[in-house]
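Spelled out, the chains give:
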Amino acid sequence: MKRILALSVLVLAVAVAAGVALAAGSGGPGHGPKKQGKHGGAIHVIEHATTDAVTNRGEGAGADRVGDVLTFANDLFDESNSAKVGQDQGYCFRLIVGESWECVLTTFLSRGQITVEGPFYDTKNSVFAITGGTGAYARIRGSMDLNARSGGTEFDLIFHPNH
């Protein structure tokens with residue numbers, strides 16, 4: 001029964017995320033991030049983590065438990081952290097208490113969307129797999145570095161497309 005409930009929650013979360021992604025369009029103003037030479041042709045944006053929320057399962061709200069859900073929909077800024085260039089949204093499931101979450105994240109930029117999946121670690125940086133995209137990023141594959149900054153209130157998202 002617990003397994004069926006967990007699977008139902010996952011299916012619902014994926015369906016909601018897909019619906020919101022379709023409804024949101026390409027988000028952000030008419031300009032987008034530039035490919036940055038510093039990162040070898042990578043796309044670098046900075047997320048301001050202002051909407052992150054954890055939904056705890058069961059009793060003991062606030063307790064860190066396997067199965068907790070982290071959701072977010074945050075603004076993205078250019079590499080200089082001065083101009084808004086888009087937004088992101090996603091969800092994570094707590095898999096290892098005090099250590100890691102498994103996440104799906106969609107980045108909305110003026111030229112299209114990029115979706116990634118991978119681990120989000122509590123105390124170290126992460127690398128996500130780029131699983132697809134739309135618009136100018138329709139054929140994108142590769143990886144995304146997720147690096148904490150400002151004590152975890154901001155994150156570098158550095159996309160490294162395979163060429």
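1. Re the overall build of the chain
- Scanning the chain for helices and strands turns up one helix and 10 strands.
- Counted from the first residue to the last, the chain has its helices and strands arranged as α-β-β-β-β-β-β-β-β-β-β.
- The buried share of the chain, reckoned over its 163 residues, is 37%.
- Across the chain, the fraction of contacts at a sequence separation of at least 24, relative to all contacts at a separation of at least 6, is 42%.
- Accessible surface, the chain as shown: approximately 8,800 Å² in total, 57% of it carbon and sulfur.

2. Structural notes on the nonpolar core
- Membership of the largest hydrophobic core comes to 24 residues, with the highest contact counts inside it found for Ile114, Val116, Met144, Leu157 and Phe159.
- Elements supplying a minimum of two residues to this core: β2 (42–48), β4 (69–77), β5 (84–96), β6 (100–109), β7 (112–121), β8 (126–133), β9 (142–149) and β10 (154–161).
- The greatest single-element share of this core, amounting to four residues, is contributed by β6.
- The contact partners of Met144, leaving out residues within four places of it in the chain, are Leu105, Val116, Ser126, Val127, Phe128, Ile130, Leu157, Ile158 and Phe159.

3. Things to note about unusual backbone geometry
- Despite not being glycine, Asn81 has its phi angle at roughly 65°, a positive value.
- Looking at the secondary structure, you find Asn81 in the loop between β4 and β5.

4. A short note on empty space enclosed by the protein
- As enumerated under the stated definition, the model contains one cavity of 30 Å³ or more in all.
- What lines the largest cavity is a set of 14 residues, and nearest its centre among them are Glu47, Phe72, Cys92, Phe120 and Leu146.
- When contributions to the lining of the largest cavity are tallied by element, the ones reaching two or more residues are β4, β5, β6 and β10.
- When grouped by side-chain class, the residues that make up the lining of the largest cavity number 11 nonpolar, no polar and three charged.

5. Quick notes on the pattern of salt bridges
- This model, assessed by the stated rule, comprises five salt bridges.
- In this structure, Arg94 and Asp122 form a salt bridge, with 3.0 Å as the shortest nitrogen-oxygen distance. Taken together, the residues Arg94 in strand β5 and Asp122 in the loop between β7 and β8 connect sequence positions 28 residues apart.
- Residue Arg94 is classed as buried on the basis of its relative accessible area, which comes to 4%.
- Of the residues examined, Asp122 reaches a relative accessible area of 34% and is grouped as partly exposed.

6. A short note on the packing of aromatic side chains
- In this structure the tally under the stated criterion is two aromatic pairs.
- Centre to centre, the rings of Tyr91 and Phe93 are 5.8 Å apart; their planes meet at 75°, and the pair counts as edge-to-face. The exposure classification of Tyr91 matches that of Phe93, with both residues buried.
- Judged by centre distance (5.8 Å) and plane angle (70°), the rings of Phe120 and Phe155 are edge-to-face. Of this pair, Phe120 sits in strand β7 while Phe155 sits in strand β10; the two residues are 35 residues apart in sequence, bridging distant segments of the chain.
- For the cation-ring pair, Lys124 lies above Tyr121, with the distance from its terminal atom to the ring centre recorded as 4.5 Å.

7. Regarding the pairing of β5
- Pairing analysis gives nine bridges linking β4 to β5, with the strands arranged antiparallel. From the neighbouring strand, Ala73 faces β5, where its bridge partner is Gln89.
- Examined bridge by bridge, β5 and β6 share 10 bridges and lie antiparallel to one another. Bridged to Phe93 within β6 is Glu102.
- Between the end of β5 and the start of β6, which pair antiparallel, lie three residues, with Gly98 showing a positive phi angle near 75°.

How each quantity is defined
Along every chain, residues carry numbers that run from 1 in the direction the sequence is written. Restriction of local features to residues with pLDDT of at least 70 applies here, the model being predicted, together with a cutoff of 80 or more for giving and counting side-chain atom pairs; totals for whole chains, interfaces and linings are based on all residues. Only heavy atoms go into the side-chain values, all of them from the structure, while hydrogens and water stay out. For the purposes of this entry, the term helix denotes a DSSP run of H or I that reaches at least four residues, the term strand denotes a run of E that reaches at least two, and both are numbered from the N terminus. Whether a residue is buried, partly exposed or exposed follows from its accessible area with a 1.4 Å probe, protein chains only, as a fraction of its type maximum: under 20%, in between, or over 50%, in that order. Any pair of residues with heavy atoms lying within 4.5 Å of one another is described as a contacting pair. To be clear on the numbers: accessible area is Shrake-Rupley with a 1.4 Å probe, and residue cover counts the displayed protein chains and nothing else. Residues enter a nonpolar core if they are buried and are Ala, Val, Leu, Ile, Met, Phe, Trp, Tyr or Cys, with the set joined through side-chain atoms within 4.5 Å. Only protein atoms enter the 1 Å grid used here. Points where a 1.4 Å probe fits but cannot escape make up a cavity, open sets with protein on both sides within 12 Å along at least five of seven lines make up a pocket, and a residue lines them when an atom lies within 4 Å of a point. Grid points are joined across faces, edges and corners, and a volume is the space filled by probe spheres set on the points. Classification convention: Asp, Glu, Lys, Arg as charged; Ala, Val, Leu, Ile, Met, Phe, Trp, Tyr, Cys, Pro as nonpolar; all other residues, Gly among them, as polar. Just to be clear on terms, a salt bridge is a Lys or Arg side-chain nitrogen sitting within 4 Å of an Asp or Glu carboxyl oxygen. Stacked, tilted and edge-to-face pairs are distinguished by plane angle, under 30 degrees for stacked and over 60 for edge-to-face with tilted covering the rest, among Phe, Tyr and Trp rings (Trp via its six-membered ring) whose centres lie within 6.5 Å. Put simply, a charge is over a ring when the Lys NZ or the Arg CZ is close to the ring centre, within 6 Å, and near the line of the ring normal, within 35 degrees. At least two DSSP bridges between two strands are needed for those strands to be called paired.

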